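# Commentary on secondary and tertiary structure
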Amino acid sequence: MFTGIIEEIGRLKSLDGGRIEIFCEKILSDIKIGDSINTNGICLTVVDFGENFFAADIMPETFRKTSLAEIKIGGIVNLERALKVGDRFGGHIVSGHIDGVGKILSIRHEGNALLIDVAAENHLLKQIAPKGSVALDGISLTVVNSGAENFSVSMIPHTREVTNFKSKRVGSPVNIETDVLAKYVNRLINFKNAPALTKNFLEENGFL
């Protein structure tokens, strides 16, 4: 489990078939084989590491469901180590399981922040609510608005400078992970023969 608070920007060393290698520094301080590293929102398992890199195996499903294949050698990626018991929880619950890939529609200044509009598929937008949480390339962000074809998030300058968003442009892809609570609510509502999500049902099950 992760929090969406990026620890370091790494650089793609190599991506050869089912193996990826990432140049990095900070996260190597206590790294071990089998550790989980959130890489642009994707939970990867460390299978090898050296003085300035770690390596992970990539499944075909990961290539199909993420923007990983579009990163060029030398391109920057967001990195976060898995949460330890007792760590500060600064973002929200991030699993590292990507739900889909969106595309940046616009990036514009709003006061001291950036307002970023992202196009996404309908099944993702159903799980993205204003003032809720979403992870973009592994970054924990608060949703500003959500519509029928896109949603928007606001980002402070610090977040842009310490993440891969400093290299993002209009048209750039982003890995999207919706909030885990939204997934379960959506599943309950749409599951065949599921009980109606009424006030009585919520009260009976301790939600109200």
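Relevant structure appears above.
For the structure given in this document, a descriptive report is provided here. (Residues numbered from 1 in each chain as written. Predicted model: local features only at pLDDT ≥ 70, side-chain atom pairs only at ≥ 80, totals over all residues. Heavy atoms only, no water.)

A few words now on the pattern of salt bridges. Applying the stated criterion across every chain yields a total of 9 salt bridges. Residue Glu21 is joined to Lys13 by a salt bridge in which the shortest nitrogen-to-oxygen separation is 3.4 Å. (Salt bridge = Lys/Arg side-chain N within 4 Å of Asp/Glu carboxyl O.)

Summarising burial for strand β12 (residues 173–178): 5 of the 6 residues are buried, a large majority. Two strands pair when backbone bridges link them, and strand β7 (residues 100–110) and β12 are joined in this way by 4 bridges, in the antiparallel orientation. In the strand pairing of β12, Gly102 is matched with Val174. The sheet contact formed by strand β9 (residues 133–136) and β12 spans 3 bridges and is antiparallel. Counted as the bridge partner of Val134 is Thr178 from β12. (Buried < 20%, exposed > 50% of the residue type's maximum accessible area, 1.4 Å probe, protein only. Helix = DSSP H or I, 4+ residues; strand = E, 2+ residues; numbered from the N terminus. Pairing = 2+ DSSP bridges.)

This brings us to the nonpolar core. Ile116, Val134, Leu136, Phe151, Phe165 and Ile176 are the most contacted members of the largest nonpolar core, which totals 20 residues. Of all the secondary-structure elements, those providing two or more residues to this core are β8 (113–119), α2 (122–125), β9, β10 (139–146), β11 (150–155) and β12. In contact with Ile116, not counting residues within four places along its chain, are Ile104, Ser106, Ile107, Phe151, Ser152, Val153, Met155 and Phe165. (Core = buried A, V, L, I, M, F, W, Y, C linked by side-chain atoms within 4.5 Å. Contact = heavy atoms within 4.5 Å.)

The next thing to look at is the sheet that holds β12. Here we have 6 strands rolled up into a closed barrel, ordered β7-β8-β11-β10-β9-β12, and antiparallel in their pairing. Adjacent strand axes in the sheet meet at a mean angle of 45 degrees, parallel and antiparallel pairs treated alike. (Axes fitted to C-alpha atoms, helices over the stretch in contact; angles between N-to-C directions.)

From the geometry alone we can't say anything about function, so treat these as descriptive.
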